Amino acid sequence: MQKGKGTRAVHAGVEHCPATGAIMTPIYQTSTYVQDGVGNHKGYEYSRTLNPTRHALEKALAELEGAKYGLAFGSGLAAMDNLMKILKPGDEVISTNDLYGGSYRLFTTVFQNYGIVFHFVDLSDMDAIKSVLNENTKIVWIETPTNPMMQITDIKVVAETVSGNDVIVCVDNTFATPMLQQPLSEGADLVMHSATKYLGGHSDVVMGCLMLNDDELDSKLRTLQNSCGGVAGPMDSFLVLRGIKTLHLRMQRHCENGRSVVDFLNSHPMVEKVYWPGLPSHPGHDVASRQMSGFGGMISFTIKGDNLATANKFVESVSLFTLAESLGGVESLIGHPATMTHAAIPKDVREKVGVTDGLIRLSLGVEDAEDLIADLSKAFDLI
Ligand SMILES: *Cc1c(COP(=O)(O)O)cnc(C)c1O
């Protein structure tokens, strides 16, 4: 029987050091490995190919997602880059029209140049998917909840829609983490994370990973990982191994803080709109309630008037929240997607999905909710 998620988070990938008994996986800060004779080694030859600290992490990541295989890379985008390299010119990808800015940039400014065709559609509209699905479609790239509009895609329904078409259904599970959402059990073939965010959880590392079950795809991805070399280093692997040990506890607190702050924002007279899948008024609420076991600590909202000047004033008026890119750490961050994370997306494209000049995004940390609310309340008074 598979153990609970918390137990797996604490124990996944941990093998006590046979040489010293060290309870924690050592940081094998080494590039190469002594061979006793020609072809006679202990499974490690060169650290681009495999390093014991990264190996322990890759096993832990797989276990967390209930997957057979895990691969760790130098960043979330390096993980996506590795995956996209299985494609050939003429191959097509279907993705969401509300996509993380960096993913959008990777697709449109890099892979489009290599002859890969991208379709950005509303993934909650199966007719929209069917209208672009064809024999060249190789990947469906889902992000749910999306960044920053918190749109929800029904993974199971999308997987059923494209089934029988030899399409790899991939889910960017960065926002939900395996604690709140397990895409592989919803019918997805592959899960990607920016481990920079919740998996690392302490804003001290940049990393990405892929988790999957298919032997043949794993072998292709591993060959590419070794051939292209965008691997995660041993120190970073150690940090993420440490981070995931508390993932279940942190996610629980992120969710609780999400609920408290949403309740506060919803009742504040200066707030115009709040985007959080836990709200019954959120269009993806029903799907999220089934697909996720919690709604997370990422919230976007607009202040009445929805303009750049007010948003600017607000983000400058908070003091406990820090104005910064990124998310998923123990400390609360505030961001302005239009000029920060989503600056790479043209204004007309981003405004169509709701990333307006006045949109503010919060990544709630694990502080006390009362203090977070007091800080936001003070900022409303100042603007
Ligand atoms: C940050 C992020 C990425 C990119 O990951 P990096 O580690 O920054 O390369 C991809 N998807 C989502 C949803 C993200 O938040």
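The rules behind these values
- Residues numbered from 1 in each chain as written.
- Predicted model: local features only at pLDDT ≥ 70, side-chain atom pairs only at ≥ 80, totals over all residues.
- Heavy atoms only, no water.
- Salt bridge = Lys/Arg side-chain N within 4 Å of Asp/Glu carboxyl O.
- Helix = DSSP H or I, 4+ residues; strand = E, 2+ residues; numbered from the N terminus.
- Buried < 20%, exposed > 50% of the residue type's maximum accessible area, 1.4 Å probe, protein only.
- Phe/Tyr/Trp six-rings, centres within 6.5 Å; stacked < 30°, edge-to-face > 60°.
- Lys NZ or Arg CZ within 6 Å of the ring centre and 35° of its normal.
- Core = buried A, V, L, I, M, F, W, Y, C linked by side-chain atoms within 4.5 Å.
- Domains from an automatic or database assignment.
- Contact = heavy atoms within 4.5 Å.
- Near = heavy atom within 4 Å.
- Polar contact = N/O pair within 3.5 Å; in protein donor to acceptor, adjacent residues only side chain to side chain.
- Areas by Shrake-Rupley, 256 points an atom, 1.4 Å probe, with all protein chains shown as cover.
- Nonpolar A, V, L, I, M, F, W, Y, C, P; charged D, E, K, R; others polar.
- Pairing = 2+ DSSP bridges.
- Axes fitted to C-alpha atoms, helices over the stretch in contact; angles between N-to-C directions.

Engineer: Please clarify how the pattern of salt bridges should be interpreted in this entry.
Structural biologist: If charged atoms from side chains of opposite charge come close, those side chains can pair. Tallied over the entire structure, the rule returns 15 salt bridges. Here Glu-58 ties to Arg-54 by a salt bridge, and the two come within 3.2 Å at their closest N and O atoms. Here Arg-54 and Glu-58 lie together in helix α2 (residues 52-64), a separation of 4 residues that amounts to about one turn. Of the two residues, Glu-58 and Arg-54, neither departs from the other in class, the shared state being buried. A salt bridge links Arg-290 to Asp-154, with the shortest nitrogen-to-oxygen separation between them at 3.0 Å. Of this pair, Arg-290 sits in helix α11 (residues 285-291) while Asp-154 sits in the loop between β4 (137-143) and α6 (155-162), placing them 136 residues apart in sequence.

Engineer: Looking at this model, I keep getting lost on the packing of aromatic side chains. Mind explaining?
Structural biologist: Here the structure, examined in full by the defined rule, presents 11 aromatic pairs. Taking the centre distance of 4.7 Å and the plane angle of 15 degrees together, the rings of Phe-107 and Phe-118 count as stacked. Highlighted residues: Phe-107 in helix α4 (residues 101-110) and Phe-118 in strand β3 (residues 117-121), separated in sequence by 11 residues. Considered together, Phe-107 and Phe-118 belong to a single accessibility category, that of buried residues. Measuring from centroid to centroid gives 6.2 Å for Phe-107 and Trp-141, while their planes differ by 85 degrees, and the two rings are edge-to-face. With Phe-107 in helix α4 and Trp-141 in strand β4, this pair connects stretches of sequence that are 34 residues apart. You can call Trp-141 buried: its relative accessible area is 0%. Counting every residue linked through ring pairs, the aromatic cluster contains Tyr-104, Phe-107, Phe-118, Phe-120 and Trp-141. If you follow Lys-197 out to its NZ or CZ, it ends over the ring of Tyr-100, 5.2 Å from the centre.

Engineer: I keep staring at the nonpolar core and nothing clicks. Help me out?
Structural biologist: Burial of nonpolar side chains together is a common tendency in soluble globular proteins. One finds Leu-265, Phe-301, Phe-314, Ile-360 and Leu-362 to be the most contacted residues of the largest nonpolar core, which totals 67 residues. Sorting elements by how many residues they give to this core places helix α10 (residues 247-266) first, with 7 residues. Each of domain 1 (5-244) and domain 2 (247-382) contributes no fewer than three residues to this core. Leave out the neighbours within four places in its chain, and Ile-360 touches Ile-299, Ser-300, Phe-301, Ile-303, Ala-311, Phe-314, Val-315, Ile-334, Gly-335 and Pro-337. Membership of the second largest hydrophobic core comes to 29 residues, among which are Leu-71, Leu-87, Tyr-104 and Phe-111.

Engineer: I'm lost on the site of the ligand in this one. Help?
Structural biologist: Near the ligand, the surroundings consist of 15 residues, among which Gly-76, Asp-172, Ser-194, Thr-196 and Lys-197 are the closest. Here an oxygen atom of the ligand and a backbone polar atom of Gly-76 are 2.9 Å apart. Take Lys-197: an N or O atom from its side chain is 2.7 Å from an oxygen atom of the ligand. Isolated, the ligand exposes 380 Å² of accessible area, and the fraction of that covered by the protein chains is 93%. Elements with a contribution of two residues or more to the shell around the ligand: α3 (76-84) and β6 (190-194). Residues belonging to the shell around the ligand are distributed by class as follows: 6 nonpolar, 6 polar and 3 charged.

Engineer: How should I be thinking about unusual backbone geometry in this particular structure?
Structural biologist: In terms of backbone geometry, most residues other than glycine have negative phi values and most peptide bonds are trans. Residue Thr-144 is joined to Pro-145 through a cis peptide bond whose omega torsion reads -5 degrees. Between Asn-147 and Pro-148 the backbone carries a cis peptide bond, its omega angle lying at 5 degrees. Here Pro-148 is to be found in the loop between β4 and α6. Phi is positive for Asp-166, which is not a glycine, with a value near 55 degrees.

Engineer: Where do I start with the sheet that holds β4 in this structure?
Structural biologist: Picture the strands of a sheet paired through backbone hydrogen bonds; they go either parallel or antiparallel. Taken together, 7 strands build an open sheet; the order of strands is β1-β7-β6-β5-β4-β2-β3 and the sheet is mixed. The open sheet has two free edges, formed respectively by β1 (69-73) and β3, since each of these has just one partner strand. Taking the axes of each pair of neighbouring strands and ignoring which way they run, one obtains an average angle of 20 degrees across the sheet. For strand β2 (residues 92-96) and β3, the ladder comprises 5 bridges, and the chain directions are parallel.

Engineer: What exactly am I supposed to notice about the side chain of Ser-75 here?
Structural biologist: Checked against the element boundaries, Ser-75 lands in the loop between β1 and α3. There is a polar contact of 3.0 Å between the side chain of Ser-75 and the backbone nitrogen of Ala-78. Non-local contacts of Ser-75, meaning those with residues more than four positions away in its chain, are made with Val-206, Met-207 and Gly-208.

Read these as geometric descriptors, not functional statements.
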